[in-house]
Amino acid sequence: MKHIRYIVLLLTGASALASPIRIMPLGDSITRGYGAGISNESSFRKTLRQLLADDGYGIDFVGSQTSGFFADNQHEGRNGWYAGHDTATNNVLDHIADWMAATPADIVLVHLGTNDILHNDEDANEVSDIMDVIFVANPDATVVLALIINAQACRPEITTYNSNLNAMAIARIASGDDIIVVDMENGAGIDYSSGDMADGLHPSPIGYDKMATNWYPAVVQAISQQRVQPAIESLSIAGASISLQLGRLEPGSPIVVERTDSLTPPAWTNAGTFTPSAVAANWTGMLQTNWSQGFYRLATDN
């Protein structure tokens, strides 16, 4: 199967376009960032994004919702929503297919179940059904599944629900699904009796930051599990030659360089094929008379 990696507009002195990993934060008001006395609704998302950016990871939060005082603040966190519900329409299971189609994601961060528990309707199988839809929408997706945080007044049913979530995830991982489990209930270091909680159910900014720190290594692992993406790092033109500096290559895996005059519609043609021997390489091709500008992309057959 051919996998398209990068597209770049060829103009003298132009730079390559990066293709960030798309991450969908999926959940309820905790993913949105609600909490008593909290006005910015950045949730764990702002700090998590900063941690990733500081370490050089190119990511893009995606979703139809926006909240938080930072630029990349898209998500699918909705106040009061259930994982699934037989009668209520405000449930993720009934809508996730549309969300994945509208804003495709490579990685989905799932923190769901609090509202289901509040109404004595929690079921780990509903989260499993949500993951089924995610993997149909993107078979190469990675789901980072949180065992959800507990409440200010400890709720044993949350611990039981998390145990069921974990068992479900372990079974799916054993069958080959790309799932990473994050223990938010106990692993984030949230002190449920202190200032880590803004109210009975929602973290304070301190608690949200602890969640971000706990998400971080799992998200880095998820990024590493995504398919290696070759990149056009730079380009140059000298006389009748065009030179592309390529990075993040897989040695021994053939690369096809394709070009088109226009993207509306594109008519991609093979400009050259080569097999890199290292993770970085230089490709040089001959310019045709009408190639002073156009679009280039990389494709792989693996």
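Up top you'll find the structure we're talking about.
Summarised in this report is the structure supplied together with it. (Residues numbered from 1 in each chain as written. Predicted model: local features only at pLDDT ≥ 70, side-chain atom pairs only at ≥ 80, totals over all residues. Heavy atoms only, no water.)

The next subject is the packing of helix α2 (residues 45–54) against helix α8 (residues 205–225). Running from N to C, α2 and α8 cross one another at 45 degrees; their axes reach a closest spacing of 8 Å. With respect to α8, the axis of α2 lies oblique. In this structure, the crossing between α2 and α8 has a hand that is right-handed. Packed against α2, whose contacting residues are T47, L48, L51 and L52, the element α8 presents D209, A212, T213, W215, Y216, V219, V220 and I223 at the interface. (Axes fitted to C-alpha atoms, helices over the stretch in contact; angles between N-to-C directions. Helix = DSSP H or I, 4+ residues; strand = E, 2+ residues; numbered from the N terminus. Parallel < 35°, antiparallel > 145°, perpendicular 65-115°, else oblique. Left-handed = near helix turned anticlockwise from the far one by under 90°. Contact = heavy atoms within 4.5 Å.)

The next point concerns the nonpolar core. Of all hydrophobic cores here, the largest spans 32 residues; its most connected members are I23, L48, L52, L109, M211 and W215. Elements that contribute at least two residues to this core include exactly β2 (21–27), α2, β3 (59–61), β6 (107–111), β7 (142–147), β8 (179–183) and α8. The element that contributes the greatest number of residues to this core is α8, accounting for 10 residues. When neighbours within four sequence positions are excluded, L52 is seen to be in contact with I23, Y57, I59, Y216, V219, V220 and I223. Counting 31 residues, the second-largest nonpolar core is a separate cluster that includes A83, M131, I134 and F135. (Core = buried A, V, L, I, M, F, W, Y, C linked by side-chain atoms within 4.5 Å. Buried < 20%, exposed > 50% of the residue type's maximum accessible area, 1.4 Å probe, protein only.)

Here we take up the packing of aromatic side chains. Under the defined criterion, the tally for this structure stands at two aromatic pairs. Here the aromatic rings of F44 and W215 are separated by 5.3 Å at their centres, their planes lie at 45 degrees, and the arrangement is tilted. On the criterion of sequence distance, the pair formed by F44 in the loop between α1 (29–32) and α2 and W215 in helix α8 is long-range, its members being 171 residues apart. Cation over ring: R78 sits above W81, and NZ or CZ is 5.0 Å from the ring centre. (Phe/Tyr/Trp six-rings, centres within 6.5 Å; stacked < 30°, edge-to-face > 60°. Lys NZ or Arg CZ within 6 Å of the ring centre and 35° of its normal.)

Bringing α8 into the picture now. Since the α-helix turns once every 3.6 residues, residues separated by three or four places project in the same direction. Between the first and last C-alpha of α8 there are 30 Å, a value that for 21 residues agrees with the 30 Å anticipated at 1.5 Å per step. Y216 marks where α8 bends most, by close to 35 degrees; the proline P217 follows one to four residues later. All buried positions along α8 are accounted for by G207, Y208, M211, A212, N214, W215, Y216, A218, V219, V220, A222 and I223. (Expected span 1.5 Å × (residues − 1). Bend = angle between axes of the 7 residues up to and from the residue.)

The next point concerns unusual backbone geometry. Although it is not a glycine, E41 adopts a positive phi angle of roughly 50 degrees. You can see E41 is positioned in the loop between α1 and α2. Of note in the backbone geometry, N120 takes a positive phi value of approximately 55 degrees without being a glycine. Turning to its location among the elements, N120 is positioned in the loop between α4 (114–118) and α5 (124–137).

Before going further, it helps to examine the pattern of salt bridges. Tallying each qualifying case throughout the model produces eight salt bridges. A salt bridge links E41 to R32; the shortest N-O distance between them is 3.0 Å. The pair formed by E41 and R32 is uniform in burial state, with each residue classed as buried. Where D177 meets R172, a salt bridge forms, and the shortest distance between an N and an O atom there is 2.7 Å. Note on R172: relative accessible area 11%, which makes it buried. (Salt bridge = Lys/Arg side-chain N within 4 Å of Asp/Glu carboxyl O.)

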